[in-house]
Amino acid sequence: MKLICANFKMNLLKNDIINYLNTINEKIPKENVVFFPNELYISYFKDKNYLVGSQNIAHLEHGSLTGETSVLELKEFGISYTIIGHSERREFFNDNKYISKKVELALKNNIKIVLCVGETFEEYNKNQTFEVIKKELNEALSNNINYLNNTNLIIAYEPIWAIGTSKIPTNECIENTISFIKDYLKTEFNLDIKVLYGGSVNNQNIATLEMIKNIDGYLVGGASLDANNFLTLIDNIKN
Ligand code: PGA
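A brief look at the structure comes next. Quick caveat, the model's predicted, so the values are computed rather than measured.

1. Remarks on the overall build of the protein
And step 1. When its secondary structure is counted, the protein shows 10 helices and 8 strands.
And step 2. Across the protein, contacts joining residues at least 24 apart in sequence account for 72% of those joining residues at least 6 apart.
And step 3. Accessible area of the protein: about 11,500 Å², with a carbon and sulfur share of 47%.

2. Regarding helix 8 (residues 171-189)
Side chains three or four residues apart in an α-helix point the same way, a direct result of the helix having 3.6 residues per turn.
And step 1. Counted at 1.5 Å a residue, the expected span for helix 8 with its 19 residues is 27 Å, and the 26 Å between its end C-alpha atoms agrees.
And step 2. All of the buried residues along helix 8 are N171, I174, T177, I178, F180, I181, Y184, L185 and F189.
And step 3. At its buried positions, helix 8 is contacted by strand 5 (112-117), helix 7 (129-141), strand 6 (153-157), strand 7 (194-198) and helix 9 (206-209).

3. Describing the environment of L72
And step 1. Along the chain, the position of L72 falls in helix 3 (residues 71-76).
And step 2. When its relative accessible area of 34% is taken as the criterion, L72 is described as partly exposed.
And step 3. Distance from L72 to A106, taken between C-alpha atoms, is 9.3 Å for residues 34 residues apart in sequence.
And step 4. Residue contacts for L72: discarding those within four places in its chain leaves E61 and N109.

4. Quick word on unusual backbone geometry
Trans peptide bonds make up most of the peptide bonds, and negative phi angles are found at most residues other than glycine.
And step 1. Here the phi dihedral of K9 falls at roughly 55°; this positive angle occurs in a residue that is not glycine.
And step 2. Even without being a glycine, N110 presents a positive backbone phi close to 60°.
And step 3. Within the secondary structure layout, N110 lies in the loop between helix 5 (99-108) and strand 5.
And step 4. Classification of N110 as exposed rests on a relative accessible area of 70%.

5. Side note on the sheet that holds strand 1 (residues 3-7)
And step 1. With respect to topology, 8 strands assemble into a closed barrel ordered 1-2-3-4-5-6-7-8, the strand pairing being parallel. Strand-to-strand twist of the sheet, defined as the mean angle between neighbouring strand axes without regard to direction, takes the value 25°.
And step 2. Of the strand pairs in this sheet, strand 7 and strand 8 (residues 217-220) are connected by 2 bridges, and their pairing is parallel. Residue G198 lies in a different strand from strand 8, and its bridge partner there is L219.
And step 3. Across the sheet, helix 5 lies against strand 4 (81-84) and strand 5, angled at about 170° from strand 4, the strand it touches most.

6. Things to note about the pattern of salt bridges
And step 1. Counted under the stated rule, the structure contains 14 salt bridges.
And step 2. Salt-bridge contacts for K2 lead to E210; the nearest nitrogen and oxygen are separated by 3.1 Å. You can see K2 sitting in the segment before strand 1 and its partner E210 sitting in the loop between helix 9 and strand 8, a full 208 residues away along the chain. No difference in accessibility class separates K2 from E210, as the two residues are buried.
And step 3. The network of salt bridges with common partners includes E68, R89, D95 and K102.

7. Comments concerning the pairing of strand 6
And step 1. Across the 5 residues that make up strand 6, a large majority, 5, are buried.
And step 2. In this sheet, strand 6 lies alongside strand 5 in parallel orientation, the contact comprising 5 bridges. Paired with V117 across the strands is Y157, a residue of strand 6.
And step 3. Note: strand 6 against strand 7, 4 bridges, orientation parallel.

How each quantity is defined
- Residues numbered from 1 in each chain as written.
- Predicted model: local features only at pLDDT ≥ 70, side-chain atom pairs only at ≥ 80, totals over all residues.
- Heavy atoms only, no water.
- Helix = DSSP H or I, 4+ residues; strand = E, 2+ residues; numbered from the N terminus.
- Contact = heavy atoms within 4.5 Å.
- Areas by Shrake-Rupley, 256 points an atom, 1.4 Å probe, with all protein chains shown as cover.
- Expected span 1.5 Å × (residues − 1).
- Buried < 20%, exposed > 50% of the residue type's maximum accessible area, 1.4 Å probe, protein only.
- Pairing = 2+ DSSP bridges.
- Axes fitted to C-alpha atoms, helices over the stretch in contact; angles between N-to-C directions.
- Salt bridge = Lys/Arg side-chain N within 4 Å of Asp/Glu carboxyl O.

Rendered as structure tokens:
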């Protein structure tokens, strides 16, 4: 079954969330769609029994980290997933430095990780995609081998240049990169891991993306913000 992750980022206010929930009104499958709203609204989705995740976790379990939220606090609210290493966090919050620690804390606390990896446009043009992804995977996983298994880690391949831009790589390119990630995780870490694609997934390109054979799901930003739009997108995804 394909996994679909809806990353709201810092969008939608309380009334929008309430309307959103009224519109989706139980029409979203609860076993394979995970919502990542702003932390303040996680409980709204959780209360309706949707799968929920946080967009980030702190790199410490507790202590003096103003403005961060601990994995322990999130766990108390029933979150079962977290995104780690989103390119926006890598860019604006220096996350590269903390990813290994965040991965460790999520794994130790039984929270499934959606680990984002992907190249910039410049790296893409220089054919450095695999190299960049390999480095990101090693940084995140090398110190955490003992905690990893096939179900607690999911990779999202998100070319940075495709996020929020309506530009996406060709199907061939996505398929090759997903194969590379799966093969690398198998040979280096002995893992059989789900790999999602993320970056400008929408109702215009989903039929094309659905032709990619090795894709295990999607991480959707902008196209998940409108409930009707997201319902249509889910209908267009085959399991
Ligand atoms: P997008 O965002 O679908 O709006 O491109 C995806 C993401 O950043 O996870």
